[in-house]
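Observations on chain architecture
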Amino acid sequence: MMDPRPRIPKRALHGVLLLDKPLGLSSNDALQKVRRLLRAEKAGHTGTLDPLATGLLPLCFGAATKFSQLNLDADKAYVATLKLGETTTTADREGEVMLRREVNFDDARLQASLQSLRGDIDQVPPMHSALKVAGQALYELARKGKEVERAARRVTIHSLELLSRDGDSMQIAVRCSKGTYIRTLAEDLGERLGCGAHLSALRRTASGPLQLEHAVTLEQLQTMDDAQRLAQLQSPDLLLADCPLIRLDGEEAGKLLAGMRRRTGAAPAARVRAFGPEPRAFLGSARVVGGELIPERLLSPVELQTLLAGALPL
């Protein structure tokens, strides 16, 4: 029997959409829902948020996926809520409570504990994580009741501050390097306080230069018409927003797109955003070394033409 529903054609879109991921959805589930709403061909996200977590999830479409690794590698910022006095099997609220202890510490101990977790620290990845060992995700092993040895990893906690405390609930603000497990940080803080703790809620507020305040919710997207949804897409160079910008004339832009190095008077930089003469003409990323502009990841002519048109195909 034939499916009576008409097949909706997908389209090539190029840009970044900042999503405020809702509670209960995996990052991939959220991505696929937005992808269907936009009818987009190629899409990806920049850094997984667990279903327990909410907040900023940058979604990349088309040409923007070429630069998604930059955001994956970027520092992140979170607001985390901790339940004090309880440790769980998963270090978050989804696990079973293993131990309950009295919550009894003073402000001096709290401040000393926060200070001890700032800077470069070593973390042992939790068993309930997506990290793979011998090709298998740790959480898959954990579900089978298995525990394997995990090597500690060095991460950086750039800032760790108390936002509020109400009885056995505490809220902290964290800015950290990639690869930091906030549930492990919550568990470690609880041990330093002598009462134990687990992560009860997590909200990502920033990823590299991208901020949650500029994100749109899935619910908002669902109420928009097609033109309004497309208007949420921002240029792929948003992922390089903290990199210097270099603008080239038409001839030089064409040569850079052909993969040729160009002479430049720009200051040395590990990464720059290269633009052609028109405002929308984002060419891609490059680096400046020894007076040369060296191309890295570039848009294709078709991708560039779409951006220059200032409109996306319907």
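All values derive from a computational prediction rather than experimental measurement. (Residues numbered from 1 in each chain as written. Predicted model: local features only at pLDDT ≥ 70, side-chain atom pairs only at ≥ 80, totals over all residues. Heavy atoms only, no water.)

Thoughts on the overall build of the protein
The number of helices and strands found in the protein is nine helices and 19 strands. Looking at the protein as a whole, 45% of its 314 residues qualify as buried. Summarising the internal contacts of the protein: among those between residues at least 6 apart in sequence, 69% fall at separations of at least 24. For the protein, the exposed surface amounts to about 15,900 Å²; the carbon and sulfur share of it is 49%. (Helix = DSSP H or I, 4+ residues; strand = E, 2+ residues; numbered from the N terminus. Buried < 20%, exposed > 50% of the residue type's maximum accessible area, 1.4 Å probe, protein only. Contact = heavy atoms within 4.5 Å. Areas by Shrake-Rupley, 256 points an atom, 1.4 Å probe, with all protein chains shown as cover.)

Comments concerning the packing of aromatic side chains
The final tally for this structure, using the stated rule, is two aromatic pairs. Ring centres of F67 and F282 lie 5.5 Å apart, and the angle between their planes is 55°; this geometry places the pair in the tilted category. Taken together, the residues F67 in the loop between β3 (53-61) and α2 (68-72) and F282 in strand β18 (residues 282-289) connect sequence positions 215 residues apart. With relative accessibility at 1%, the residue F67 sits in the buried group. Of the residues examined, F282 reaches a relative accessible area of 0% and is grouped as buried. An aromatic cluster is built from F67, F275 and F282, whose rings are joined through pairwise contacts. (Phe/Tyr/Trp six-rings, centres within 6.5 Å; stacked < 30°, edge-to-face > 60°.)

A word on helix α3 (residues 107-116)
Residues of α3 that are buried: L110, S113 and L114. The arc enclosing the buried residues of α3, seen along the axis, measures out at 100°, which places them on a common side. (Arc of directions from axis to C-beta.)

Focus: helix α5 (residues 182-193)
In a regular helix each residue adds 1.5 Å, so 12 residues correspond to 16 Å; α5 covers 16 Å between its end C-alpha atoms and thus fits that length. Looking at α5, one finds that the buried residues are I182, R183, T184, L185, A186, L189, G190 and L193. Lining the buried residues of α5 we find β4 (76-84), α3, β7 (119-123), β10 (153-166), β11 (169-176) and β12 (197-207). Where α5 ends, the next residue or the one after it, G194, has phi of about 80°, a positive value. (Expected span 1.5 Å × (residues − 1).)

Structural notes on the pattern of salt bridges
One pass over the full model with this rule turns up 20 salt bridges. Where D73 meets K178, a salt bridge forms, and the shortest distance between an N and an O atom there is 3.1 Å. Residue D73 is found in the loop between α2 and β4, and its partner K178 is found in the loop between β11 and α5; the two are separated by 105 residues along the sequence. Look at the salt bridges and you will find they share partners, linking K83, E86, R100 and D168 into a network. (Salt bridge = Lys/Arg side-chain N within 4 Å of Asp/Glu carboxyl O.)

A short note on the sheet that holds strand β15 (residues 245-247)
Taken together, the five strands give an open sheet; going across it, the order is β15-β17-β18-β19-β16, and neighbouring strands pair in mixed fashion. Two strands lie at the open edges of the sheet, namely β15 and β16 (262-263), each paired on one side alone. Where strand β17 (residues 269-275) lies against β18, five bridges are found, and the strand directions are antiparallel. Bridging from a neighbouring strand, F275 pairs with F282 of β18. Strands in contact with helix α8 (residues 250-257) are β16, β17, β18 and β19 (292-298); relative to β19, the strand with the most contacts, it is inclined by about 60°. (Pairing = 2+ DSSP bridges. Axes fitted to C-alpha atoms, helices over the stretch in contact; angles between N-to-C directions.)

A closer look at the pairing of strand β1 (residues 15-21)
Within β1, seven of the seven residues are buried, leaving the element largely enclosed by the surrounding structure. Alternating residues of β1 divide into G15, L17, L19 and K21 and V16, L18 and D20, and every residue in both groups is buried. Pairing of β1 with β3, which is carried by seven bridges, proceeds in the antiparallel orientation. Paired with L18 across the two strands is P58, which belongs to β3. For β1 and strand β14 (residues 216-217), the ladder comprises two bridges, and the chain directions are parallel. From the neighbouring strand, L19 faces β14, where its bridge partner is V216.

Topic: the nonpolar core
The tendency in soluble globular proteins is for nonpolar side chains to be buried side by side. Ranked by internal contacts, the top residues of the largest apolar core, which has 47 residues, are L17, V34, L38 and F61. Look past the residues within four positions of L17 in its chain and what remains in contact with it is V34, L38, L57, P58, L59, F61, V216, L221, Q232 and L233. Residues C60, A63, L240 and L299 belong to the second largest nonpolar core, which totals 17 residues. (Core = buried A, V, L, I, M, F, W, Y, C linked by side-chain atoms within 4.5 Å.)

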